Amino acid sequence: MSAQHAETPHPGPPHLRTVADIRAALRDGRGFPGDAESFEADLARALDTSTATDLHQVADVIKTYAGSIRAFSDPEFDDALQEGLDLIAEIKKGNQE
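Parameters and conventions
- Residues numbered from 1 in each chain as written.
- Predicted model: local features only at pLDDT ≥ 70, side-chain atom pairs only at ≥ 80, totals over all residues.
- Heavy atoms only, no water.
- Helix = DSSP H or I, 4+ residues; strand = E, 2+ residues; numbered from the N terminus.
- Buried < 20%, exposed > 50% of the residue type's maximum accessible area, 1.4 Å probe, protein only.
- Lys, Arg positive; Asp, Glu negative; His and termini not counted.
- Salt bridge = Lys/Arg side-chain N within 4 Å of Asp/Glu carboxyl O.
- Polar contact = N/O pair within 3.5 Å; in protein donor to acceptor, adjacent residues only side chain to side chain.
- Core = buried A, V, L, I, M, F, W, Y, C linked by side-chain atoms within 4.5 Å.
- Contact = heavy atoms within 4.5 Å.
- pLDDT = per-residue confidence, 0-100.
- Patch = residues over 30% accessible without salt bridge, like charges linked within 9 Å, V, L, I, M, F, W, Y side chains within 5 Å.
- Areas by Shrake-Rupley, 256 points an atom, 1.4 Å probe, with all protein chains shown as cover.
- Charge placed at Lys NZ, Arg CZ, Asp CG, Glu CD.
- Axes fitted to C-alpha atoms, helices over the stretch in contact; angles between N-to-C directions.
- Parallel < 35°, antiparallel > 145°, perpendicular 65-115°, else oblique.
- Left-handed = near helix turned anticlockwise from the far one by under 90°.
- Nonpolar A, V, L, I, M, F, W, Y, C, P; charged D, E, K, R; others polar.

Caption draft 1: View of the side chain of Arg30. With respect to the element layout, Arg30 can be found in the loop between α2 (19–27) and α3 (35–49). Despite being buried, Arg30 has no salt bridge partner; Asp28 is the closest side chain of opposite charge, sitting 5.6 Å away. Side chain to side chain, Arg30 and Ser73 meet in a polar contact 2.9 Å long.

Caption draft 2: Seen up close, the nonpolar core. Grouped together as the largest cluster of nonpolar side chains are 12 residues: Leu16, Ile22, Ala25, Leu26, Phe39, Leu43, Ala46, Val58, Val61, Tyr65, Ala66 and Ile69. Considering each element in turn, this core owes the most residues, five residues, to helix α4 (residues 56–73). Not counting residues up to four positions away in its chain, the partners in contact with Ala66 are Leu16 and Ile22.

Caption draft 3: Seen up close, the confidence of the model for the chain. With 86% of its residues at a pLDDT of 70 or more, the chain shows a mean pLDDT of 86. Mean pLDDT values for the elements of the chain range from 47 in helix α1 (residues 3–6) up to 97 in α3. Note that pLDDT drops below 50 for residues 1–10; the model gives that stretch 11 contacts with residues more than four away or on any other chain.

Caption draft 4: Summary view of a negative patch on the surface. A contiguous patch of negative charge on the surface is contributed by Asp74, Glu76, Asp79, Glu83, Asp86 and Glu90. Looking at where Glu90 falls in the secondary structure, it is placed in helix α5 (residues 77–96).

Caption draft 5: Region of the structure containing the side chain of Asp35. Positionally, Asp35 belongs in helix α3. The side chain of Asp35 is buried and forms no salt bridge, while Arg30, the nearest opposite charge, is found at 11 Å. If we ignore the near neighbours within four places in the chain, the residues touching Asp35 are Leu26, Tyr65 and Ser68.

Caption draft 6: Spotlight on the packing of α3 against α4. Two elements in contact, α3 and α4, have axes whose closest approach is 8 Å; the angle formed by their N-to-C orientations is 165°. As summarised for this structure, α3 and α4 are arranged roughly antiparallel, according to the angle between their axes. Judged by the twist between their axes, the crossing of α3 over α4 is right-handed. Here α3 contributes Asp35, Ser38, Phe39, Asp42, Leu43, Ala46, Leu47 and Thr49 to the contact with α4, which in turn contributes Gln57, Val58, Val61, Ile62, Tyr65 and Ser68. Tallied by class, residues from the contact of α3 with α4 come to eight nonpolar, four polar and two charged.

Caption draft 7: Fine view of the pattern of salt bridges. Using the criterion set out here, one finds two salt bridges in the structure. Its salt-bridge partner being Glu40, residue Arg23 comes within 2.6 Å of it at the nearest N-O pair. Taken together, the residues span a long stretch of sequence, with Arg23 in helix α2 and Glu40 in helix α3 at a distance of 17 residues. Its salt-bridge partner being Asp42, residue Arg45 comes within 2.5 Å of it at the nearest N-O pair. Here Arg45 pairs with Asp42, and both are found in helix α3, just three residues apart, close to one helical turn.

Put into C-alpha coordinates, the structure is as follows:
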(Lines give C-alpha, C1' and ligand atoms only; values in the text may rest on other atoms or scores of the structure.)
Protein backbone atom coordinates (compact mmCIF):
# COMPACT_ATOMS: atom_id res chain seq x y z
CA MET A 1 0.00 0.00 0.00
CA SER A 2 1.37 3.40 -0.87
CA ALA A 3 2.13 5.62 2.08
CA GLN A 4 0.85 8.66 0.22
CA HIS A 5 -2.63 7.21 -0.23
CA ALA A 6 -2.70 5.65 3.24
CA GLU A 7 -1.98 9.01 4.83
CA THR A 8 -4.66 10.88 2.89
CA PRO A 9 -6.52 13.00 5.44
CA HIS A 10 -9.89 12.16 3.90
CA PRO A 11 -11.80 9.76 6.17
CA GLY A 12 -14.41 8.59 3.66
CA PRO A 13 -15.80 9.14 0.23
CA PRO A 14 -16.92 12.69 -0.43
CA HIS A 15 -20.48 13.62 -1.34
CA LEU A 16 -20.56 13.95 -5.11
CA ARG A 17 -23.93 15.42 -6.00
CA THR A 18 -22.85 18.20 -8.34
CA VAL A 19 -20.15 19.04 -10.85
CA ALA A 20 -18.84 21.50 -8.26
CA ASP A 21 -18.52 18.63 -5.75
CA ILE A 22 -16.48 16.63 -8.26
CA ARG A 23 -14.27 19.62 -9.06
CA ALA A 24 -13.69 20.28 -5.35
CA ALA A 25 -12.81 16.64 -4.67
CA LEU A 26 -10.36 16.58 -7.58
CA ARG A 27 -8.79 19.86 -6.44
CA ASP A 28 -8.42 18.27 -3.00
CA GLY A 29 -6.38 15.47 -4.54
CA ARG A 30 -9.16 12.89 -4.19
CA GLY A 31 -8.58 11.46 -7.67
CA PHE A 32 -5.77 10.00 -9.65
CA PRO A 33 -2.89 12.09 -10.97
CA GLY A 34 -4.07 14.33 -13.77
CA ASP A 35 -7.77 13.72 -13.12
CA ALA A 36 -8.58 17.35 -12.36
CA GLU A 37 -7.28 18.50 -15.73
CA SER A 38 -8.65 15.50 -17.60
CA PHE A 39 -12.10 16.00 -16.07
CA GLU A 40 -12.28 19.57 -17.32
CA ALA A 41 -11.13 18.58 -20.81
CA ASP A 42 -13.47 15.58 -21.01
CA LEU A 43 -16.39 17.63 -19.69
CA ALA A 44 -15.76 20.43 -22.19
CA ARG A 45 -15.51 17.92 -25.04
CA ALA A 46 -18.76 16.23 -23.97
CA LEU A 47 -20.54 19.58 -23.69
CA ASP A 48 -19.30 20.64 -27.12
CA THR A 49 -20.61 17.49 -28.79
CA SER A 50 -23.92 17.24 -26.91
CA THR A 51 -27.26 18.61 -27.96
CA ALA A 52 -29.69 20.41 -25.71
CA THR A 53 -31.89 17.32 -25.61
CA ASP A 54 -29.14 14.70 -25.27
CA LEU A 55 -26.63 15.20 -22.47
CA HIS A 56 -25.73 11.53 -22.05
CA GLN A 57 -22.07 12.16 -22.85
CA VAL A 58 -21.91 14.80 -20.11
CA ALA A 59 -23.55 12.43 -17.64
CA ASP A 60 -21.08 9.68 -18.60
CA VAL A 61 -18.10 11.97 -17.89
CA ILE A 62 -19.54 12.94 -14.51
CA LYS A 63 -20.22 9.30 -13.57
CA THR A 64 -16.75 8.20 -14.67
CA TYR A 65 -14.90 10.76 -12.55
CA ALA A 66 -17.23 10.32 -9.57
CA GLY A 67 -16.41 6.61 -9.74
CA SER A 68 -12.68 7.34 -9.85
CA ILE A 69 -12.97 9.59 -6.81
CA ARG A 70 -14.91 6.92 -4.92
CA ALA A 71 -12.36 4.24 -5.87
CA PHE A 72 -9.45 6.44 -4.83
CA SER A 73 -11.21 7.21 -1.53
CA ASP A 74 -11.87 3.53 -0.74
CA PRO A 75 -9.51 2.45 2.07
CA GLU A 76 -9.20 -1.00 0.46
CA PHE A 77 -8.29 0.38 -2.98
CA ASP A 78 -4.52 0.25 -2.50
CA ASP A 79 -4.63 -3.35 -1.29
CA ALA A 80 -6.79 -4.40 -4.25
CA LEU A 81 -4.51 -2.57 -6.66
CA GLN A 82 -1.41 -4.21 -5.18
CA GLU A 83 -3.07 -7.62 -5.39
CA GLY A 84 -3.74 -7.02 -9.09
CA LEU A 85 -0.18 -5.87 -9.72
CA ASP A 86 1.19 -8.93 -7.92
CA LEU A 87 -1.01 -11.19 -10.04
CA ILE A 88 0.19 -9.52 -13.25
CA ALA A 89 3.81 -9.93 -12.14
CA GLU A 90 3.22 -13.64 -11.47
CA ILE A 91 1.63 -14.11 -14.89
CA LYS A 92 4.50 -12.31 -16.63
CA LYS A 93 7.04 -14.32 -14.66
CA GLY A 94 5.28 -17.57 -15.65
CA ASN A 95 5.32 -16.57 -19.33
CA GLN A 96 9.08 -15.91 -19.23
CA GLU A 97 9.99 -19.28 -17.78
